[in-house]
Amino acid sequence: MKKKIILALVKGVLVLLIINLVSSYFYKRFDLTEDKRYTISKEAISLVSKFDSPVIIDVLLEENLPAEFSKLQTETVLLLEQFASKNKNIKFDLVDPLESNASREETLAELQQIGLTPANVTIEEEGKISQELVFPWAMVNHNNKTVRVPLLKNKLGASSEDRINNSVQQLEYAFADAFTKLATKQKKRVAVLKGNGELNDIYLTDYLSSIREYYNIGAITLDSVSNNPQKVLEQLKSFDLALIAKPTEPFTEEEKYIIDQYIVNGGKSMWLLDPVIMEMDSLFNENGSALALRRELNLDDFFFKYGVRLNPVLVNDLYNTPIVLASGEANESQYNPLPWIYHPMVFSKNDHPINTNIEASRFQFTSIIDTLSNPSKKTVLLQSSSLSKPEGTPKPISLNILSKKPNKEQYLGKGNLPLAVLVEGDFNSVYTNRIKPLKLKGSIEKGVNNKLLVVADGDIIKNQLRNGNPLPLGYDKWTNNTYGNKEFLINSINYLLDDTGLINIRNKKVSIPLLDVQKISDYKFKWQLINIGLPIVLVLLFGMGFSYYRKISYAA
């Protein structure tokens, strides 16, 4: 009997050893989740496979984490294990950035200096409230280059559960984005068009710095069209996308024809336009008012060909972002945030790869884009709220409206106004069957399949300044709020330039069930008893049963 038992134990141990040996050579994980949470996309696998030398990832989430960040840590580790299984060069480690208490303040300053801002978390446990600093970041290192990866995705008004869901949902994209920045060797080219009163470079600094990790950036001045149009066109055709950021002066027919030929030849374009002249600074005068006027850019016929029309009206929206005004005098001045109906807060419908899972965007004195019937496909990416309405121009705008409560009834049935439209299709020349403003070698009228984006707000790309230095795009220094302008515009340029791998990864949806904090508190003792007491009882019962079995066996 003893020999049989020993032999059975030896066989069992050998089987376990063989299974472990085989599993060390063959990795396979079965994803049984409904949303395929643990199955990384083909696009992400393709990115990871490009690395033939070590990629070291430091995850700054380690030990003593609040419950929600423990979940984020777990999901991050599971994802990185998946990446490591696809490429053995992917290595990762969990790091506590504040492990050394002796230099805590110095470490905090160093981390924030390189852009790793902490999350201040309020923890409530058994009636006690405490504050904890957590750094929800990862650092991806490859060949002496480092890319920061934000693990926590905040969203205005989001609950704790929504915040974790949003963060987990964007994890694969966040790391894939970092891998893209590290692996890209041949970059596409983006031209920033100048010569028609566009935004100064300092107001484009943050956006251009952000996309520089994906694309090479240059400037093309259309002033030279009058002297050497052929040269300007050839220069422009060497770029993959043209960015037109808030022009304030009309385009000549010659300039339009150059851009037209660029588009017909396959060049992508992103148009950020203000059809109405109105700035917040214009209201800071003795009267606190200014007149909103139509801005003539001479582009109506140009966009008509593509099936869109910029309507020179202002959008008045009850869902809006605040402005900050001072009240009082000298040292007694107080700065109060006030709702401003001409600065809509624009929430995404999450119905397109560009607008999926982005924060609400901030628009300022925006207009409306009308879509017209033609063969091109038009997609409204962003629109005003259901409680918004158009207001025609010219129109006096005054700060005095802050003291008046809007009448909600006046907005009903007038909202959901298009503010950003993507146009896709076969783009033919705007100057087909028309007299050409100038002669160009190799000009064509029938174009190829193409894309362009039109946004009825030039300031969507404008970053604020502090002491003459640019701040992150989307950040409002007066209210300390951060909006999703940068995310929207980066997604847009990725989509326009056919970087659909990252865009497709963004579309992955994950639903993470979280524990109910109230139920945990109410049923804490019950589950402690089940988890601790039940195993002990089962062990005792097994021991008693085994002793009884041996007693019977030996008695026989």
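Before any of the text, the structure's been laid out above.
Before going into details, it helps to say that this report is about the structure given with it. (Residues numbered from 1 in each chain as written. Predicted model: local features only at pLDDT ≥ 70, side-chain atom pairs only at ≥ 80, totals over all residues. Heavy atoms only, no water.)

### What about the overall build of the protein chain?
- Tallying secondary structure elements over the protein chain gives 14 helices and 27 strands in all.
- Out of the 556 residues in the protein chain, the part that is buried amounts to 46%.
- Accessible surface, the protein chain: about 30000 Å² in total, of which carbon and sulfur atoms supply 54%. (Helix = DSSP H or I, 4+ residues; strand = E, 2+ residues; numbered from the N terminus. Buried < 20%, exposed > 50% of the residue type's maximum accessible area, 1.4 Å probe, protein only. Areas by Shrake-Rupley, 256 points an atom, 1.4 Å probe, with all protein chains shown as cover.)

### Points about the pattern of salt bridges
- All chains considered together, the criterion is met by 19 salt bridges.
- One salt bridge connects Lys-181 with Asp-177, and the closest N-O pair in it is separated by 3.2 Å. Residue Lys-181 and its partner Asp-177 are both found in helix H6 (residues 171-183); the two are separated by four residues, about one turn of the helix. Both residues of the pair, Lys-181 and Asp-177, count as buried.
- Linking Lys-237 and Glu-234 is a salt bridge whose minimum nitrogen-to-oxygen distance equals 4.0 Å. Remark: Glu-234 and Lys-237 occur in helix H8 (residues 229-237); sequence separation between them is three residues, near one turn of the helix. (Salt bridge = Lys/Arg side-chain N within 4 Å of Asp/Glu carboxyl O.)

### Some points on the sheet that holds strand E5 (residues 137-142)
- Overall, mixed pairing links the four strands, which are arranged E2-E1-E5-E6 in an open sheet. Two strands bound the open sheet, and with one partner strand each, they are strand E2 (90-94) and strand E6 (145-150). Neighbouring strand axes in the sheet, compared pairwise and without regard to direction, differ in orientation by 20 degrees on average.
- As paired strands, strand E1 (residues 55-59) and E2 are joined by five bridges and run parallel to one another. (Pairing = 2+ DSSP bridges. Axes fitted to C-alpha atoms, helices over the stretch in contact; angles between N-to-C directions.)

### Some points on the sheet that holds strand E7 (residues 188-194)
- Judged by pairing direction, the sheet is mixed, and its seven strands sit side by side in the order E8-E7-E9-E10-E23-E22-E19 without closing on themselves. Lying at the two open borders of the sheet, with one neighbouring strand each, are strand E8 (215-221) and strand E19 (377-383). The average undirected angle you get between the axes of adjacent strands in this sheet is 20 degrees.
- Packing against the sheet, H8 makes contact with E7, E8 and strand E9 (241-245), and its axis sits at approximately 165 degrees to E8.
- Relative to strand E10 (residues 268-272), helix H11 (residues 485-496) is tilted by about 155 degrees, and along the sheet it contacts E7, E8, E9, E10, E19, strand E22 (418-426) and strand E23 (449-455). (Contact = heavy atoms within 4.5 Å.)

### A few points about the packing of aromatic side chains
- For the structure shown, the criterion picks out 13 aromatic pairs.
- Taking the centre distance of 5.5 Å and the plane angle of 55 degrees together, the rings of Trp-271 and Phe-302 count as tilted. Taken as a pair, Trp-271 in strand E10 and Phe-302 in helix H10 (residues 300-304) lie far apart in primary sequence, 31 residues in all. For the pair formed by Trp-271 and Phe-302, the shared burial category is buried.
- Measuring from centroid to centroid gives 5.0 Å for Tyr-306 and Phe-427, while their planes differ by 55 degrees, and the two rings are tilted. Taken together, the positions of Tyr-306 in the loop between H10 and strand E13 (308-311) and Phe-427 in the loop between E22 and E23 put the pair 121 residues apart, joining distant regions of the chain. No difference in accessibility class separates Tyr-306 from Phe-427, as the two residues are buried.
- Taken together through their ring pairs, the aromatic side chains of Phe-251, Trp-271, Phe-302, Phe-303, Tyr-306 and Phe-427 make up a single cluster.
- It is Lys-389 that lies over the ring of Tyr-411; its NZ or CZ is 4.9 Å from the centre. (Phe/Tyr/Trp six-rings, centres within 6.5 Å; stacked < 30°, edge-to-face > 60°. Lys NZ or Arg CZ within 6 Å of the ring centre and 35° of its normal.)

### Details of the packing of H8 against helix H9 (residues 253-264)
- Relative to each other, H8 and H9 sit at 35 degrees, their axes nearing to 10 Å. With respect to the hand of their crossing, H8 and H9 are arranged in right-handed fashion. Between H8 and H9, the contacting residues are Pro-229, Val-232, Leu-233, Leu-236 and Lys-237 on the first element and Ile-258, Gln-261 and Tyr-262 on the second.
- Looking at the contact of H8 with H9 residue by residue, the classes come out as six nonpolar, one polar and one charged. (Left-handed = near helix turned anticlockwise from the far one by under 90°. Nonpolar A, V, L, I, M, F, W, Y, C, P; charged D, E, K, R; others polar.)

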